[in-house]
Every structure is written in C-alpha cells, then in structure tokens.
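# Remarks on the overall topology
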Amino acid sequence: MPSDPAFGFTVEDLARDQALRLPCACRIRTFSRRDLMALVGRDARLHLIGLRRELWCGECCEPPLTGWVIYQQEWIA
C-alpha cells in the first residue's frame, strides 16, 4: 500500500512566502519558513513537526496541535 505523498513534505518544501500556524492550548503561533529552518532544520517533516520540542509552547508547555500553512498576506495582517 503506497503511503500518502503529503507525508513527505518538509520545511524546505514551503514557499518563501508561506508560514505555518501552530495552535497549542493557550494561543496560535505563526512560524515563517525561515524561523522553522532555524529551529528544526530544512528536512523536518511537516506532518511530524508538532513533536519537535523546539516548537512546544513556553507558556502552557503543550505541543502544538494540527497546524496549517498560510501565505504571507495572512500572517502580516
């Protein structure tokens, strides 16, 4: 059974004008592609990114829940 190709997407696959929104128990944080590369590296898989301790919330100490990709216009506003 072939795996879902979406499981192969990494931080490097995000476009330069894309960001990742990750909600936790207390808020929603936005990470630009550049921020994610600095925190978890280019090859971090997006479907597992919430397991990376570097992205856990410093306020509530919870891992992020399922996130979503947004474009620059959305995260500037």
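One can find the structure itself at the top, above this paragraph.
Numbering of residues starts from 1 in every chain and runs along the sequence as written. Where local features are concerned, this predicted model is filtered to residues with pLDDT of at least 70; where side-chain atom pairs are given and counted, the filter is 80 or more; whole-chain, interface and lining totals use all residues. Excluding hydrogens and water, the side-chain figures rest on all heavy atoms present in the structure.

## Considering the nonpolar core
Think of a nonpolar core as a cluster: buried Ala, Val, Leu, Ile, Met, Phe, Trp, Tyr and Cys residues, connected wherever their side-chain atoms sit within 4.5 Å. To sort residues, take the accessible area from a 1.4 Å probe on protein chains only and compare it with the maximum for the residue type: under 20% means buried, over 50% means exposed, and anything in between is partly exposed. One finds Val11, Leu14, Leu20, Leu22, Phe31, Leu36, Met37, Val40, Ala44, Leu46, Ile49 and Leu55 forming the largest nonpolar core, which totals twelve residues. Sorting elements by how many residues they give to this core places helix α1 (residues 33-40) first, with three residues. With near-sequence residues (within four places) excluded, Ile49 lies in contact with Val11, Leu20, Leu22, Leu36, Val40 and Leu55. Each helix is a run of H or I in the DSSP string that is no shorter than four residues. Each strand is a run of E no shorter than two, and both are numbered from the N terminus. When checking whether two residues touch, look at their non-hydrogen atoms; a contact exists if any pair is within 4.5 Å.

## Section: the environment of Ser32
Residue placement: Ser32 occurs in strand β2 (residues 28-32). Here Ser32 falls in the buried class, since its relative accessible area comes to 11%. Separated by 16 residues in sequence, Ser32 and Arg16 have C-alpha atoms that sit 8.2 Å apart. Residues adjacent in sequence count toward polar contacts only when both atoms are side-chain atoms; beyond that, a polar contact is any pair of N or O atoms within 3.5 Å, and within protein one must be able to donate a hydrogen and the other to accept it. A distance of 3.1 Å separates the side chain of Ser32 from the backbone nitrogen of Asp35, its partner in a polar contact.

## Concerning the pattern of salt bridges
What counts as a salt bridge is simple: a side-chain nitrogen of Lys or Arg found within 4 Å of a carboxyl oxygen of Asp or Glu. Counted by the stated rule, this structure contains two salt bridges. In this structure, Arg42 engages Glu12 in a salt bridge whose closest nitrogen and oxygen atoms are separated by 3.5 Å. Of this pair, Arg42 sits in the loop between α1 and β3 (68-71) while Glu12 sits in the segment before β1 (18-23), placing them 30 residues apart in sequence. Glu54 is the partner of Arg52 in a salt bridge, and the nearest nitrogen-oxygen pair spans 3.7 Å. Take Glu54: its relative accessible area is 39%, and that puts it in the partly exposed class.

## Focus: the pairing of β1
The buried count for β1 comes to five of six residues, which makes it a mostly enclosed element. At least two bridges found by DSSP between two strands are what make those strands a pair. Strand direction decides the pairing type here: β1 and β3, joined by four bridges, are antiparallel. Paired with Leu20 across the bridge in β3 is Val69. One ladder, built from five bridges, connects β1 with β2; its direction is antiparallel. Paired with Ala19 across the two strands is Ser32, which belongs to β2.

Worth remembering: the numbers are spatial, not functional.
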